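Summary of the model geometry
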Amino acid sequence: MEGWWTPLAAAALAGAVVLVVGLVVARRRRPTAAAGAAPPAVDLLRSGLQATRRRFAEQIEAALGRTPGDLERTLAELEEALVAADVGVATAQDLVSRVRRRLDRTAAPDDVRRALSAEIAAALANGAPAEPSARPWVVLVTGVNGVGKTTTIGKLAALHAAAGRQVLLVAADTFRAAAIDQLAVWAERTGATLVRQAPGSDPSAVVFDGMKAAVARGVDVVLVDTAGRLHTRTNLMEELRKLRRVIGREVPGAPHETLLVLDATTGQNAVAQAKTFAEAAGVTGIVLTKLDGTARGGVAVAVRREIGAPLRYVGVGEGVGDLRPFDAREFAEALFAAEGVAARSAEP
């Protein structure tokens, strides 16, 4: 009896183990689709703007709480709070002036919050990424070293590839071998084609080859990396002008977009960089990176006002999906989405 029962029991036990394991695996697999879904853009922005929002909320709440019932003093305090949040003096004055026109002397703190949120959204309006309207659609990407320019290009390549577009990367930052190697990794990761030459090559020659390849292969989008050597500012700006001429000669009407990548953690220094590049590069859009690592997110408003170019994308993390197309209303809502500052944007 014992010899007959033992193998049967073992078989039953093995079957039970297989069943349990199967149930566990199935249970783990079921939520995969939901877990893999991208979180809502507003939630990502709220998370990315946490440091900025905390500082902003503290300053705003202090301003609103110090002078209840006195609108003019409240607005004066509000202006100081905006300057402290790296919005900049001129931009803070302009925002407060616009908020004042929305309110009367009996305005409550919530009215001030709503008005400010609406004015921030209005100041940052019309910043959605431009949709490719030519083929190839050529994007020149500029910015100083260290702002995340090459990584931004890789993430842009991923966004375009996800939209079904064929992408070509041009490694025209020939002064940094690491930048060329980094683009090669992104090209492999995103399925993009890479045009490169040896480190130290003439950037214009690389761009020339890139434009020829883009036209010959019929690609949809071309992303051109450039050098960012501020210590030779004059040479850098002249090089950018030359690159633009080469691109325009080979692809009429290009570059169709010139993106300036700025590091949000540098605060008002980002505004100074934006002015310098805008003079030489014909900047048509801003990419603001590293918003998740700074309390200086107010610089987004300052940059928009100072150079006129709209924000196209914001970076709120290290992941590929953390480069988000910019939406002014979502940004304003995320900035105010904190305990005690839950003002939603009103219609501008």
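Note that the structure is predicted; figures quoted are calculated from it, not measured.

Some remarks on helix α7 (residues 109–123)
Taking 1.5 Å per residue, 15 residues should reach 21 Å; α7 reaches 21 Å between its end C-alpha atoms and fits that length. Of all the positions in α7, only Val112, Arg113, Ala115, Leu116, Ser117, Ala118, Glu119, Ile120 and Ala121 are classed as buried.

A look at the layout of surface pockets
Quantified by volume, the largest pocket comes out at close to 230 Å³. Lining of the largest pocket is provided by 16 residues; of these, Pro129, Ala130, His160, Arg165 and Tyr313 occupy positions nearest its centre. Looking at the lining of the largest pocket, the element that brings in the most residues is helix α8 (residues 149–162), giving three residues. Considered class by class, the residues forming the lining of the largest pocket number eleven nonpolar, one polar and four charged. Looking at the second largest pocket, its volume works out to about 170 Å³. Looking at the second largest pocket, the residues that line it are Val147, Gly148, Thr151, Thr152, Lys155, Thr289, Lys290, Asp292, Gly315, Gly317, Glu318 and Leu323. The element best represented in the lining of the second largest pocket is α8, accounting for three residues.

Observations concerning empty space enclosed by the protein
Evaluated as defined, the whole model comprises one cavity of 30 Å³ or more. Size it by volume and the largest cavity reaches roughly 30 Å³. Along its surface, the largest cavity is lined by Thr52, Phe56, Ala85, Val87, Gly297, Gly298, Val301, Phe331 and Leu335. Elements that contribute at least two residues to the lining of the largest cavity include exactly α4 (50–66) and α14 (328–336). When its residues are assigned to classes, the lining of the largest cavity shows six nonpolar, three polar and no charged.

Regarding the packing of α8 against helix α9 (residues 177–190)
To describe two helices that pack against each other, one gives the angle between their axes and the distance between the axes. Remark: α8 packs on α9, axes separated minimally by 9 Å, with the N-to-C direction vectors making an angle of 15 degrees. On the basis of their axis angle, the class for α8 and α9 is roughly parallel. Classified by chirality, the crossing of α9 by α8 is right-handed. On the side of α8, the interface is formed by Thr150, Thr151, Ile153, Gly154, Lys155, Ala157, Ala158 and Ala161, while α9 contributes Ala179, Gln182, Leu183, Trp186 and Thr190. Tallied by class, residues from the contact of α8 with α9 come to seven nonpolar, five polar and one charged.

A short note on the confidence of the model for the protein
Of the residues in the protein, 82% have a pLDDT of 70 or more, and the chain-wide mean is 81. Counting interchain partners and residues more than four positions distant, the pLDDT-below-50 stretch residues 7–38 has zero contacts. Taken as a whole, residues 338–348 scores under 50 in pLDDT and shows 29 contacts with residues more than four places along the chain or in a different chain.

Thresholds applied
Sequence order sets the numbering: in each chain, residues are counted from 1 along the sequence as written. The predicted origin of the model limits local features to residues at a pLDDT of at least 70 and limits the giving and counting of side-chain atom pairs to 80 or more, whereas totals for whole chains, interfaces and linings rest on all residues. Each side-chain value is worked out from all heavy atoms of the structure, with water and hydrogens disregarded. Where helices and strands are cited, they refer to DSSP runs of H or I of at least four residues and of E of at least two residues respectively, numbered from the N terminus. To estimate the expected span of a helix, count its residues, drop one, and scale the result by 1.5 Å. Each residue's exposure class comes from its accessible area (1.4 Å probe, protein chains only) as a fraction of the maximum for that residue type: buried when under 20%, exposed when over 50%, partly exposed otherwise. Cavity means a closed set of points on a 1 Å grid over the protein atoms alone, one where a 1.4 Å probe fits but cannot get out, pocket means an open set with protein on both sides within 12 Å along at least 5 of 7 lines, and lining means a residue has an atom within 4 Å of a point. Grid points are joined across faces, edges and corners, and a volume is the space filled by probe spheres set on the points. Residue polarity follows a fixed list, in which Ala, Val, Leu, Ile, Met, Phe, Trp, Tyr, Cys and Pro are nonpolar, Asp, Glu, Lys and Arg are charged, and the others, Gly among them, are polar. Lines fitted to the C-alpha atoms define the axes, with helices restricted to the stretch that makes contact. Angles between their N-to-C directions range from 0 to 180 degrees. Each angle gets one of four labels, with under 35 degrees taken as roughly parallel, over 145 as roughly antiparallel, 65 to 115 as roughly perpendicular, and the rest as oblique. What makes a crossing left-handed is the near helix being turned counterclockwise from the far one by less than a right angle; a clockwise turn instead makes it right-handed. Residues count as neighbours in contact if any of their non-hydrogen atoms are within 4.5 Å of one another. Each residue carries a pLDDT value, the predictor's own confidence for that position, ranging from 0 to 100.

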